[in-house]
Amino acid sequence: MTWWHALIDAGAVPAAYVPPPSGGARAESEAAAAADVVEDAELETHAVPRAAVVPSAVSFLNGIARWSVVAYDGVAQIVNAYVAAAVCRRDERGVLHATRERSRAFAVAPMDRLSPSLRPVLEQAVPDIERLDGELVGQPARYLEQVESAVRRARAHLERELAEAAIAALGPDEWIVLDGQLSRSPAVARHPRALGVIKSHGAQFLDGRGLERALTLPPGYRTSVFAVRGGHTRTEVYSWYLRLWPWEGNDLLYGLLRVEARADRDTVTRASALSGWLFAERAPLATPATRWDRLLYPLHHVEEYLKARAPCSPAVRSKLPVA
């Protein structure tokens, strides 16, 4: 019996809300304090080499997050959540093998708003509870946004811990590619062989002519390298945009990645070669992922590995009335 069944047996109302799948997406919503071009006099476009040299030893890190409302205590929504992250290393035959992984299964609940009869049942049934402020319980939509943020933070924390452990064990010529920002972890952001690949573009780092050039990049081209700094949670990194697939007939963000690497002159020197390598990683296609156009296949592989090992989501009950 699952922990939420114990709650339901104690008087909670069963629920069946599962948020729409995110496809491994993560938010990048904060505004950048500064983004100064460190290559070229102004932001330009550069063709990337098609005969890419792919490092012989590469690891890839990705994570997943799942959550669903499983019970109600009055209007208080009680959530079952699961986050996981893994590192897969590619061997000399091109096969990816998991080398590190971590996961966390937990409940999310406004403990101060639970009834005296259900709160002790939850505390006894679940060893790991993410406690939320109950102020927004009466506004279900806003409360679920709060839940989503809490789950996203849990995933980011897990990925950061795993990334820091992974870079500490990298061989002298081994690289690691992360799905997401490097700049959340100073140790990872400063590593000479770590790359972050960002698929979402909520943060705007450029404007004017530079932004137009970035958004209309042809496939197989990158922008000039620019420095990204600002915010107490960010470590300065160098970044650039890279287009994997044509945007014409789709939208401006189709096939567009933002790459992060160490803030060092060597990054500028290597940007074209690194971009050629990442461009080569677009094949095979990362389908059926919803954003396959921006998802490198090895990162898709890690995501699928984690999904296969994740516990089954709570069964969604029929919405049809029972006679």
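Okay, so let's go over this structure. Computed from a prediction, not measured in an experiment: that's the story for all the values here. (Residues numbered from 1 in each chain as written. Predicted model: local features only at pLDDT ≥ 70, side-chain atom pairs only at ≥ 80, totals over all residues. Heavy atoms only, no water.)

1. With respect to the overall build of the chain
If you tally the helices and strands in the chain, you get seven helices and 13 strands. Against the compact-globule benchmark of 20 Å for 323 residues, the chain has a radius of gyration of 22 Å, which places it among compact chains. Expressed as a percentage of the 323 residues in the chain, the buried residues total 48%. The long-range fraction of contacts in the chain, counting pairs at least 24 apart against all pairs at least 6 apart in sequence, stands at 67%. Carbon and sulfur atoms make up 53% of the accessible area of the chain, which amounts to about 15,100 Å² in all. Positive and negative charge centroids in the chain, built from 38 and 38 side chains respectively, lie 2 Å apart. (Helix = DSSP H or I, 4+ residues; strand = E, 2+ residues; numbered from the N terminus. Rg over C-alpha atoms; globule rule 2.2 N^0.38 Å. Buried < 20%, exposed > 50% of the residue type's maximum accessible area, 1.4 Å probe, protein only. Contact = heavy atoms within 4.5 Å. Areas by Shrake-Rupley, 256 points an atom, 1.4 Å probe, with all protein chains shown as cover. Lys, Arg positive; Asp, Glu negative; His and termini not counted. Charge placed at Lys NZ, Arg CZ, Asp CG, Glu CD.)

2. Points about the pattern of salt bridges
A full pass over the atoms with the stated rule returns 22 salt bridges. With a closest N to O distance of 3.1 Å, Glu 164 and Arg 160 form a salt bridge. Within this pair, Glu 164 and its partner Arg 160 are both found in helix 3 (residues 140–168), separated by four residues, close to a single helical turn. According to the relative accessible area criterion, Glu 164 is partly exposed, its value standing at 28%. (Salt bridge = Lys/Arg side-chain N within 4 Å of Asp/Glu carboxyl O.)

3. Some thoughts on empty space enclosed by the protein
Taken as a whole and judged by the stated rule, the model has one cavity of 30 Å³ or more. Taken as a whole, the largest cavity encloses approximately 50 Å³ of empty space. Looking at the lining of the largest cavity, the elements that each hand over two or more residues are strand 9 (194–198), strand 13 (256–262) and helix 6 (265–280). Counting residues per element, the lining of the largest cavity draws most heavily on helix 6, at four residues. Considered class by class, the residues forming the lining of the largest cavity number six nonpolar, one polar and three charged. (1 Å grid on protein atoms, 1.4 Å probe; cavity = no way out; pocket = protein on both sides within 12 Å on 5 of 7 lines; lining within 4 Å. Points joined across faces, edges and corners; volume = space filled by probe spheres on them. Nonpolar A, V, L, I, M, F, W, Y, C, P; charged D, E, K, R; others polar.)

4. What to know about the pairing of strand 8 (residues 175–179)
Of all five residues that make up strand 8, five are buried, and the element is covered over most of its length. By the alternation rule, side chains of strand 8 split into Trp 175, Val 177 and Asp 179 and Ile 176 and Leu 178, which are all buried. The pairing of strand 4 (residues 58–73) with strand 8 spans four bridges and is classified as parallel. Each bridged residue has a counterpart across the sheet, and for Leu 61 the counterpart in strand 8 is Leu 178. As defined by bridge partners, strand 8 adjoins strand 9 across four bridges and the pair is classed as parallel. Opposite Leu 178, over in strand 9, you have Gly 196 as the bridge partner. (Pairing = 2+ DSSP bridges.)

This is a description of form; function is not addressed.
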